[in-house]
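Take a look at the letters that make up each chain.
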Amino acid sequence: MPSAYWDESLAERYRRFHYDFPEKPLAGRAVIVAGGTGGLGSALVALLVREGARVIVGYRSNRERAEKLQQVIEAQFGAKLHLVAGDILDPAVRKAYLDAVKADGAPLAGAAIFPGDPARVPFESLSRETITASLESNYAGPVLLARDLGAAMEGWGKASGAGGNLVLLATMQAVAPFASSLAYAGPKAALVHAARVLALQWNKVSVNVVAPGATVAGMAESSVSAGKYDRHISSGAISRFGRPEDIARAVRFFLEPGQYATGQVLVVDGGLTIRRDRG
Ligand SMILES: NC(=O)c1ccc[n+]([C@@H]2O[C@H](COP(=O)([O-])OP(=O)(O)OC[C@H]3O[C@@H](n4cnc5c(N)ncnc54)[C@H](OP(=O)(O)O)[C@@H]3O)[C@@H](O)[C@H]2O)c1
């Protein structure tokens, strides 16, 4: 009994070693980068704009930095970024992302959700308030935005057949325990699990996670530059610190139209979590 889903013309193409690797599949499509003005998100914005995507960039309150990024991108690539300001915990802000997509008019290919907070709370100072604050910024906000954008993409996907891709940002500390990271790592681990649950939710929307290691830009800049991770280079666990381009490329992979992976976590840490017992 032949498969009801078999595509003989496709099989015949592969027997002749003919493959389809689109050059710039995100060109002309809209992509949302929430937290796209930060140390890591801004590298993705540059990568997507270079490819010809129409990028909607979200930030919470640092308008000066958002406008600076807008200027630099316009000067470098001649492209105008659409900016969305405000806290993603606010339903009106989450709606503003979708309104920006509609106003742009290009089909939405996906979204990367970068907002988070390092939640550096000393063990002794952990309290209901500090843990709740981290849960709000590292879990509730990103999950609610993913829920709203995923639901919209699934709906549009049913109409057009296209679908879309969501990428959430966790941390290596969500997949491997590091001392003194209780307030930060717990909610990020929950975010990883939420991504898997969301991946079950829809048929046309993929949901994946990128988990960065010690990266030189953004919220880890101060701890990395202060030498917190030097011993991992000295021991040979990692050859260098992470760079925003490392993370941008990984997120870009999951945004690829027709993405076949879902519910997965890609740890981009130079090998730190698996080799950290070296030093
Ligand atoms: N940098 C690293 O080495 C590293 C390592 C592991 C994991 N990560 C994770 O990667 C993600 C990005 O980190 P990053 O270093 O790029 O952070 P960042 O430089 O601090 O940037 C954070 C971005 O998110 C926005 N944002 C924060 N909270 C928001 C909220 N509630 N609503 C809307 N926007 C909000 C910020 O806007 P404003 O500036 O206007 O507030 C900014 O655009 C985070 O989830 C982080 O946990 C980073």
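Values in this document were obtained by computation on a predicted structure and should not be read as measured data. (Residues numbered from 1 in each chain as written. Predicted model: local features only at pLDDT ≥ 70, side-chain atom pairs only at ≥ 80, totals over all residues.)

Description of the overall build of the protein
Operational definition: To qualify as a helix, a DSSP run of H or I must reach at least 4 residues; to qualify as a strand, a run of E must reach at least 2; elements of each kind are numbered from the N terminus. Exposure criterion: with C-beta atoms placed from backbone coordinates, a residue whose C-beta has 20 or more other C-beta atoms within 10 Å is buried, one with 12 or fewer is exposed, and one in between is partly exposed. Once C-beta atoms have been placed from the backbone, residue pairs whose C-beta atoms lie within 7 Å are recorded as contacts.
Of the regular secondary structure elements, the protein holds 11 helices and 7 strands. Counting across all 279 residues of the protein, residues that qualify as buried make up 42%. Partitioning the contacts of the protein with sequence separation of at least 6, the portion at a separation of at least 24 is 76%.

Regarding the site of the ligand
So the rule is basically this: Throughout this description, a residue near a molecule or strand is one whose C-beta atom, derived from the backbone, lies within 6 Å of it. Residue polarity is assigned by list, with Asp, Glu, Lys and Arg as charged and Ala, Val, Leu, Ile, Met, Phe, Trp, Tyr, Cys and Pro as nonpolar; anything else, Gly included, falls into the polar class.
Neighbouring residues of the ligand: 27 residues in total, closest Gly35, Gly38, Gly116, Gly218 and Ala220. Counting residues per element, the ones that place at least two in the shell around the ligand are β2 (54-59) and α5 (128-160). Partitioned by chemical class, the residues of the shell around the ligand number 11 nonpolar, 14 polar and 2 charged.

Notes on the packing of helix α2 (residues 41-51) against helix α10 (residues 244-255)
Threshold: Interaxial angles span 0 to 180 degrees and are taken between N-to-C directions of axes, which are lines fitted to C-alpha atoms, for helices over the stretch in contact. Any angle that is under 35 degrees is reported as roughly parallel, and any over 145 degrees as roughly antiparallel; angles of 65 to 115 degrees are reported as roughly perpendicular and all others as oblique. Two helices that cross are described as forming a left-handed crossing if the nearer one is turned anticlockwise from the farther one by less than a right angle, and a right-handed crossing if clockwise.
Contact pair α2 / α10: the axes reach a minimum separation of 8 Å and the direction vectors enclose 60 degrees. Taken together, the axis directions place α2 and α10 in an arrangement best described as oblique. Judged by the twist between their axes, the crossing of α2 over α10 is right-handed. Contacts between α2 and α10 involve Ala43, Leu44 and Leu47 from the former and Pro244, Glu245, Ile247, Ala248, Val251 and Arg252 from the latter. Tallied by class, the residues present in the contact of α2 with α10 amount to 7 nonpolar, no polar and 2 charged.

Quick word on the nonpolar core
Most often, soluble globular proteins keep nonpolar side chains buried together rather than apart. Rules: Note on definitions: a nonpolar core is a set of buried residues drawn from Ala, Val, Leu, Ile, Met, Phe, Trp, Tyr and Cys, linked by C-beta atoms within 7 Å.
Ranked by size, the top nonpolar core spans 74 residues in total, and within it Val31, Val33, Val45, Val55, Ile113 and Leu168 carry the most contacts. When residues in this core are grouped by element, the largest group, 8 residues, is from helix α7 (residues 182-201). Beyond its immediate sequence surroundings of up to four residues, Val31 is in contact with Leu26, Leu48, Ala53, Val55, Ala109, Gly110, Ala111 and Leu255.

Focus on the environment of Glu154
In this structure, Glu154 sits in helix α5. Each C-alpha atom, one on Glu154 and one on Val31, is 15 Å from the other, the two residues being 123 residues apart in sequence. With residues near it in sequence (within four places) discarded, Glu154 still touches Trp202, Lys204 and Val205.

Brief notes about the environment of Thr130
Position of Thr130 among the secondary structure elements: in helix α5. You can call Thr130 partly exposed: it has 16 C-beta atoms within 10 Å. Note: C-alpha distance between Thr130 and Tyr184 (54 residues apart in sequence) is 10.0 Å. Not counting residues up to four positions away in its chain, the partners in contact with Thr130 are Val121, Ser125 and Ala183.

Side note on unusual backbone geometry
A positive phi angle is found at Phe17, which is not glycine, with a value near 60 degrees. Residue classification places Phe17 among the exposed residues on the basis of 6 C-beta atoms within 10 Å. Here the phi dihedral of Ala119 falls at roughly 45 degrees; this positive angle occurs in a residue that is not glycine.

So, the packing of α2 against helix α3 (residues 63-77)
Running from N to C, α2 and α3 cross one another at 30 degrees; their axes reach a closest spacing of 11 Å. The pairing of α2 with α3 is recorded here as roughly parallel in orientation. Judged by the sense of rotation from one axis to the other, the crossing of α2 with α3 is right-handed. Contacts between α2 and α3 involve Ser42, Val45, Ala46, Val49 and Arg50 from the former and Leu69, Ile73 and Phe77 from the latter.

Section: α7
Keep this limit in mind: In this scheme, a helix's expected span is set at 1.5 Å multiplied by one less than its residue total.
In this model α7 runs 29 Å from its N-terminal to its C-terminal C-alpha over 20 residues, within 8% of the 28 Å that 1.5 Å per residue would give. Buried within α7 are the following residues: Ala183, Tyr184, Ala185, Pro187, Lys188, Ala189, Leu191, Ala194, Ala195 and Leu198. Packing partners of the buried residues in α7 comprise α5, β5 (164-169), α6 (172-175) and β6 (205-212).

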